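Notes for the structure review
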Amino acid sequence: MPDPLLDAIGLKYIYRYGTRHVAVLDDVSFSLRSGESVAIIGPSGSGKSTLLNVLNGLLPPEAGELRIFGQSVQTLSQNDWAQLRREQIATLFQDGNLIPTLTVSRNIAFRANLAGLSENDGASLMERLGISDTAERYPDQLSGGQRQRAALACAFAMRPKLILADEPTGSLDYATAQRVTPLFFDAIRERDVGALIVTHNPELAERCDRIVELREGALRPWDSALSS
């Protein structure tokens, strides 16, 4: 069995508000392997987005151990993290995070080039995601759903090993989400990508290989009976 893409043991992160300290992540432990998708659920404010930011190097863990692609994060400089985010870790934010001065097709090409790829499959990705007609539009000319699909195309165009997604279908209407969600998981399997997905969408979560709940600072196996 291959080594995990991510291996976290007892991660902790504290927010400080004057003299008040809140351990939003207190004992987070889990592993994620290539080709595996894991959904993280939990109420707003439970620390799901904070966890993603720890895992992509934007926030340093206060304690615990985190290994990315077999390497301890303690040995990674900020330049190392920046390179990982350019080439191997794709983060999907709720707002799409597209470059406003570039068209959709150029956003996709830029992400691929940033990852060191001389060619990209942007045209086929846009076709599969149903946004071919937006190729020459700018982000402010797109609907929320179109921006979300363009962000998905950018993520897969860089051919990452790992995707960290914060509500990847949150801006899609129901019909579009029903069409795009299978494509998202097909791409994960085809490209052997590991995906960690924060979501409130039960249908999206149930498509993942595992569902875990962030509760009281730790990840627990999700018990649907307790949540109903």
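Let's talk about the sheet that holds strand β10 (residues 218-221)
- Across the sheet, six strands lie side by side as β6-β7-β8-β3-β9-β10; this open sheet has mixed pairing. Across the chains shown, the open sheet's two edge strands, defined by having one partner strand only, are β6 (89-92) and β10. With direction set aside, neighbouring strand axes in the sheet form an average angle of 20°.
- Bridge analysis of strand β3 (residues 37-41) against strand β9 (residues 210-215) gives four bridges, and the strand direction is parallel. When the sheet's bridge partners are listed, Ile40 is paired in β9 with Val212.

Examining the pairing of strand β1 (residues 6-17)
- As judged from the nine bridges shared by β1 and strand β2 (residues 20-32), these two strands associate in the antiparallel manner. Opposite Arg16, over in β2, you have His21 as the bridge partner.
- With antiparallel pairing between neighbouring strands as the criterion, β1 and β2 make up a hairpin whose turn holds two residues, including Gly18 at a positive phi of roughly 65°.
- Of the strand pairs in this sheet, β1 and strand β4 (residues 63-68) are connected by five bridges, and their pairing is antiparallel. Within β4, the position partnered with Lys12 by the bridge is Ala63.

A look at the sheet that holds β4
- Spatial strand order, β2-β1-β4-β5: four strands in an open sheet with antiparallel pairing. Strands with a single pairing partner mark the edges of an open sheet, and in this sheet they are β2 and β5 (71-72).

Side note on unusual backbone geometry
- For Asp192, which is not a glycine, the phi torsion comes out positive at approximately 55°.
- Take Asp192: it is sitting in the loop between α6 (174-190) and β8 (194-198).
- Owing to a relative accessible area of 44%, Asp192 belongs among the partly exposed residues under this scheme.
- The phi angle at Glu216 is positive, at roughly 55°, despite the residue not being glycine.
- If you trace the backbone, Glu216 turns up in the loop between β9 and β10.
- We classify Glu216 as exposed; its relative accessible area is 73%.

Cut-offs used in this document
- Residues numbered from 1 in each chain as written.
- Predicted model: local features only at pLDDT ≥ 70, side-chain atom pairs only at ≥ 80, totals over all residues.
- Heavy atoms only, no water.
- Pairing = 2+ DSSP bridges.
- Helix = DSSP H or I, 4+ residues; strand = E, 2+ residues; numbered from the N terminus.
- Axes fitted to C-alpha atoms, helices over the stretch in contact; angles between N-to-C directions.
- Buried < 20%, exposed > 50% of the residue type's maximum accessible area, 1.4 Å probe, protein only.

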